[in-house]
Amino acid sequence: MDGNGRWARQQGEQRVFGHHHGVRAVRDTTEGCAEIGVGFLTLYAFSTENWNRPKEEVDALMELLVQTISKEIKTLMDNNISLKAIGDLESLPRKCHDELNLAIATTSSNTGMELILALSYSSRWEITKAVKEIAELVKGGKISTEEINEQVISNHLCTKEFPDPELMIRTSGEMRISNFLLWQLAYTELYITPVLWPDFSREELYKAILDFQKRERRFGMTSEQVKIN
Ligand code: FPP
């Protein structure tokens, strides 16, 4: 969800103004995805590196997260969405952590789309944590080095209960992954739009999905093999 700061500057406002307007895009995208039957939607809301932003911006973002999560529980319930979170959740301020856990518990019996918030998340942090956990298992004699395979690694990532993403949408035209789901994005289709996040809408979401539907996903095979399969 990139471009909040630039959007605010274009309006002659402070960066935080853009984050507040970004919430509308979060709601529209979440409802839009649930309506068309998307199974899993992950929103990269706050990265490990975002902690390095000015303290006022970090504080404002944490406050906005608390407010949005508590205000939007009704939207989640109305749309049968269950909330999940990935990242170093223990590093979040207590209020944010508690609000998040409450929303996760309240929506846990919903059976529709799973909305996954990536908070204090970065892929390098996640992979480092997984490597340490696996090393401990080997040290304790629970598994052998030979038994380490892609499945074992996937099982130690925060996303172990979710499938790999099919489509990644990045707003604001940046041609980067920015430490997001590096392992999981191996065969994900990328869609980068110049639209800034606060201007992202259902229409922009549909454009991205229509574009995705035209892609041929070969997973390393030839086009002919894909057609036969
Ligand atoms: C990136 O834009 C955006 C963020 C770091 C924060 C996104 C957070 C929200 C939209 C708030 C609510 C979210 C949820 C899921 C409850 P940027 O600040 O990097 O923009 P710039 O690249 O133009 O500076």
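Data block above holds the structure.
Because the structure is predicted, anything quoted here is derived from the model rather than measured.

A. Local environment of the pattern of salt bridges. A full pass over the atoms with the stated rule returns 25 salt bridges. Residue R94 pairs with D98 through a salt bridge whose shortest N-O separation is 3.4 Å. Of this pair, R94 and D98 both sit in helix α5 (residues 94–106), four residues apart, which is roughly one turn of the helix. The exposure class of R94 is exposed, given its relative accessible area of 55%. Between E136 and K139 there is a salt bridge; the shortest N-O distance is 3.7 Å.

B. View of the packing of helix α2 (residues 15–35) against helix α8 (residues 202–213). Relative orientation of the contacting elements α2 and α8 amounts to 50 degrees, with a least axis distance of 9 Å. One element, α2, and the other, α8, form an angle in the oblique class. Viewed along their axes, α2 and α8 form a crossing whose handedness is right-handed. Together, D28, T29, E31, G32, C33 and E35 of α2 and R202, L205 and Y206 of α8 make up the contact between the two elements. Considering only residue class, the contact of α2 with α8 consists of three nonpolar, two polar and four charged.

C. The site of the ligand, seen in detail. As a structural note, the neighbourhood of the ligand is formed by 19 residues, with M1, D2, R6, R15 and R53 the closest of them. A distance of 3.3 Å separates an oxygen atom of the ligand from a polar backbone atom of G3. Between the ligand and the protein, one listed contact pairs an oxygen atom with a backbone N or O atom of R6 at 2.7 Å. When the ligand sits alone it has 630 Å² of accessible area, and the protein chains cover 92% of it. Counting only elements with at least two residues in the shell around the ligand, the list comes to α1 (4–10), α2 and α3 (55–71). The element contributing the most residues to the shell around the ligand is α2, with five residues.

D. Quick look at α3. In this model α3 runs 24 Å from its N-terminal to its C-terminal C-alpha over 17 residues, within 8% of the 24 Å that 1.5 Å per residue would give. Along α3, the residues that are buried comprise E57, V58, L61, M62, L64, L65, V66, T68 and I69. Buried-residue contacts for α3 involve α2, β1 (40–47), α4 (73–78), β2 (82–86), α5 and β3 (114–121).

The rules behind these values
Residues numbered from 1 in each chain as written. Predicted model: local features only at pLDDT ≥ 70, side-chain atom pairs only at ≥ 80, totals over all residues. Heavy atoms only, no water. Salt bridge = Lys/Arg side-chain N within 4 Å of Asp/Glu carboxyl O. Helix = DSSP H or I, 4+ residues; strand = E, 2+ residues; numbered from the N terminus. Buried < 20%, exposed > 50% of the residue type's maximum accessible area, 1.4 Å probe, protein only. Axes fitted to C-alpha atoms, helices over the stretch in contact; angles between N-to-C directions. Parallel < 35°, antiparallel > 145°, perpendicular 65-115°, else oblique. Left-handed = near helix turned anticlockwise from the far one by under 90°. Contact = heavy atoms within 4.5 Å. Nonpolar A, V, L, I, M, F, W, Y, C, P; charged D, E, K, R; others polar. Near = heavy atom within 4 Å. Polar contact = N/O pair within 3.5 Å; in protein donor to acceptor, adjacent residues only side chain to side chain. Areas by Shrake-Rupley, 256 points an atom, 1.4 Å probe, with all protein chains shown as cover. Expected span 1.5 Å × (residues − 1).

Keep in mind these values describe shape, not function.
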